[in-house]
Amino acid sequence: MIHKFKMSGYNIVLDVHSGAVHVVDELSYKMLDFIDGHMTDQVPRHIFENLSEYNADEIVDSYNELYILYEQGLLFSEDDYEKFAKLMGPAPIKSMCLNVSHDCNLRCEYCFAAKGDFGKGRCLMSAETGKRAIEFLLEHSKGRRNLEVDFFGGEPLMNFDVVKQVVEYARSKEAEYNKNFRFTLTTNGLLLDDEKIDYINREMYNVVLSIDGRKEINDKLRVTPSGKGSYDIIVRKYQQLVKNRDKDYYVRGTFTKYNLDFADDVLHLYELGFNQISIEPVVSDPNLDFSLQEEDLDKIFDEYERLAKEILKLKKNKKPINFFHFFIDLNAGPCAVKRLRGCSCGNEYIAVTPNGDIYPCHQFVGMDDWKMGNINYGSFNFNMKKEFSSINIYRKEECKNCWAKFYCSGGCSANNLQYQGDILNPHKLSCELEKKRLECAIMIQAALAEN
Amino acid sequence: MKHIKTLNSGMLKKSVAKGCGECQACKTSCTVANQKC
C-alpha cells in the first residue's frame, strides 16, 4: 500500500508498510496511479497508453526507478505485521496517571474532566493512596525498569504536598526494585511559585504547561470560577519555569471552533519564548458551540498547512521549534510492535483517582462501567486488562487498511467509545485531523531534506 | 536517481526485530509516532 499527496510543491509518496518516503517528479507521481501494487521489470503497455503525453524513454526511465524501489522493499512493500499483532497479550503495567486532585481552580469550558472533578465531586488524593499506587506499580511492572507517573487532575498543584510525598516514596524504592521513575506533571500554572518551579525543574522529567495561545483566545475558555481569564497570571510563571529548565517541557493548548486560525496561537507562544509547543484540537460533544465539526475540516486543513510552512521557515533559519503533532522520525521512532499496540491504555497504562479507583486511562475516569479495581481494596480486573491488551490496529476494520495506521496506532480508545460508541471504531474527525498533520509532518521533512 | 529522491530507508520492518516495553504532551490526541525508542 502507498499513500501519495501533494503539498507545497512536493509530490510525496509514503510506502505504508516499510515507512519509506519518496519525493517524486510529476511523471512518476502520475505513473503510480497505473500500478496496482505488483511490478515486473517490463513497463506494462497500459502505462504507455495512459501517459501518452510523455516521451517513451522518459516513461521507461521513471518506471525503472520505481521498480528498483519495489525490488528493495521500499515501494508496495508487503503487510506482514498482522501475525505480530495476533501474538500480543497482557504486558506489565509500567505507566500510571495519578489524579492527585479532582478539584481545579479553573473552569475551562472544554475540560474533559468536567471542570476538574470528573462529575464525581471535588476531592484530593491522600498520601497513603498515592503511596499504595506506587506500590501497585512496583508490583505489577515486573521486569520493566522505566516507570512513568504523571501527576494529573484536576489541578495537581492543589495537592502539592502529596505530589512531593509520592515522589519521595517512589525514589526511596528505586534502588531496591531496580526501577527508574520518570515523573510528569500537567498544570494550569495558577499556583506556580518559586518553590514549586524549583521542585518541578528538579524532579519532573517532563512538565506540561496549559495555555491556549493568544490572551483573548486563552481567556475566552480558560477562566477562574468567577469568570476571570488566566493568561496574565500564568505567562510570566511559565517563562520563569522554562528559562530555568534543562529537561523536556511542553506548553500545551487546545484549539476550538473559536480559533480556527490556531497557527497564530502557536506562533504567539513561540514569540513568548517557548519552543516546545502543542496546540491540539478539542474533542468534545459535537453539539457544543466550541466543538469542531466536519464542516470545519477544510479550514483546519488549510491552517495546518499554513502552520507547517511557518514552522518550516523557522527551521530553515535554524530557529529551534518543535510542534508536537508535526514531530516525526523517518529513520527510527517507536518500533513496529509499539505502533501496533498504540497507547496501551488498560494494559500497560492505567489511571488512579483520589479514592484509589483504577481506570484504563485518564480519559476513562468517571465511566463506572470501565472501572478496573481499587488501589486501597487490592482489587483489579485482570479480564478487562486482557481485553485491552488485545487491542491493536489489526482489530480495527477501519484502521487495518488505512495508510496512517503506523502513526496514529488506531486512535484514542476513550474517544472512540465516547463519540463512535465502540473502542474499536475510530473517531472519524480525529482520523481526518491526524492524517492531515501527518502529511504536514512528512512535507516538512521533505523540504528540510532538500536543503 | 533522476525522477525520485528517497528520504529514508524504511524504518518499520527493521524495527520488528526490537517491543521491549521500556519506551515512554497530549492527553487528548495521543500520537504514538511522536515517541522515541
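Right, let's walk through the structure included here. (Residues numbered from 1 in each chain as written. Chains lettered and ligands numbered in written order. Predicted model: local features only at pLDDT ≥ 70, side-chain atom pairs only at ≥ 80, totals over all residues. Heavy atoms only, no water.)

Points about the sheet that holds strand S2 (residues 10-15) of chain A
This is how the line gets drawn: Pairing between two strands requires that DSSP report at least two bridges joining them. Labels follow the DSSP assignment, with helices taken as runs of H or I lasting at least four residues and strands as runs of E lasting at least two, numbered in each case from the N terminus. To obtain an axis, a line is fitted to C-alpha atoms, over the contacting stretch when the element is a helix, and the angle between two such axes runs from 0 to 180 degrees between their N-to-C directions. By definition, residues are in contact when any of their heavy atoms lie within 4.5 Å.
Across the sheet, four strands lie side by side as S1(A)-S2(A)-S3(A)-S1(B); this open sheet has antiparallel pairing. Strand pairing shows two members of the sheet lacking a second neighbour, strand S1 (2-7) of chain A together with strand S1 (4-6) of chain B, which therefore form its edges. Pairs of neighbouring strands in the sheet enclose a mean axial angle of 25°, with direction left out of account. In the sheet, strand S3 (residues 21-24) of chain A pairs with S1 of chain B via three bridges, with the strands oriented antiparallel. Its bridge partner lying in S1 of chain B, Val24 of chain A is registered against Ile4 of chain B. Strands S1, S2 and S3 of chain A together with S1 of chain B of the sheet are contacted by helix H17 (residues 428-450) of chain A, whose axis makes an angle of about 115° with S2 of chain A.

Thoughts on the interface of chain A and chain B
Going by this rule: Summed over both partners, buried area is the accessible surface (1.4 Å probe) that two parts give up on being assembled. Basic side-chain nitrogens of Lys or Arg form a salt bridge, by our definition, when they fall within 4 Å of a carboxyl oxygen of Asp or Glu. Under the rule applied, a polar contact is a pair of N or O atoms within 3.5 Å (in protein, one hydrogen donor and one hydrogen acceptor; residues adjacent in sequence only if both atoms are side-chain atoms). Amino acids are sorted into nonpolar (Ala, Val, Leu, Ile, Met, Phe, Trp, Tyr, Cys and Pro), charged (Asp, Glu, Lys and Arg) and polar (every other residue, Gly among them).
Taken residue by residue, the interface counts 74 residues in chain A and 33 residues in chain B. At the boundary of chain A with chain B, total buried surface from both sides reaches about 4,700 Å², with 56% on carbon and sulfur atoms. Counting across the chain A and chain B interface gives three salt bridges. One salt bridge connects Lys13 of chain B with Asp80 of chain A, and the closest N-O pair in it is separated by 3.1 Å. For the interface between chain A and chain B, the tally reads 24 residue pairs in polar contact (both at pLDDT 80 or more). Looking at which element gives the most residues to the side of chain A that touches chain B, the answer is helix H3 (residues 56-71) of chain A, with seven residues. Tallied by class, the residues present in the side of chain A that touches chain B amount to 33 nonpolar, 20 polar and 21 charged.

Notes on the pairing of strand S4 (residues 95-99) of chain A
All names here are of chain A. We apply this condition: Relative accessibility decides the category of a residue: with a 1.4 Å probe and only protein chains considered, values under 20% of the type maximum give buried, values over 50% give exposed, and everything between is partly exposed.
Taking burial as the measure, the five residues of S4 include five buried ones, the bulk of the element. With burial as the criterion, each face of S4 is covered, one bearing Ser95, Cys97 and Asn99 and the other bearing Met96 and Leu98. Here S4 pairs with strand S7 (residues 146-152) via five bridges, running parallel. Paired with Asn99 across the two strands is Phe152, which belongs to S7. Pairing geometry for S4 and strand S13 (residues 349-352), over four bridges, is parallel.

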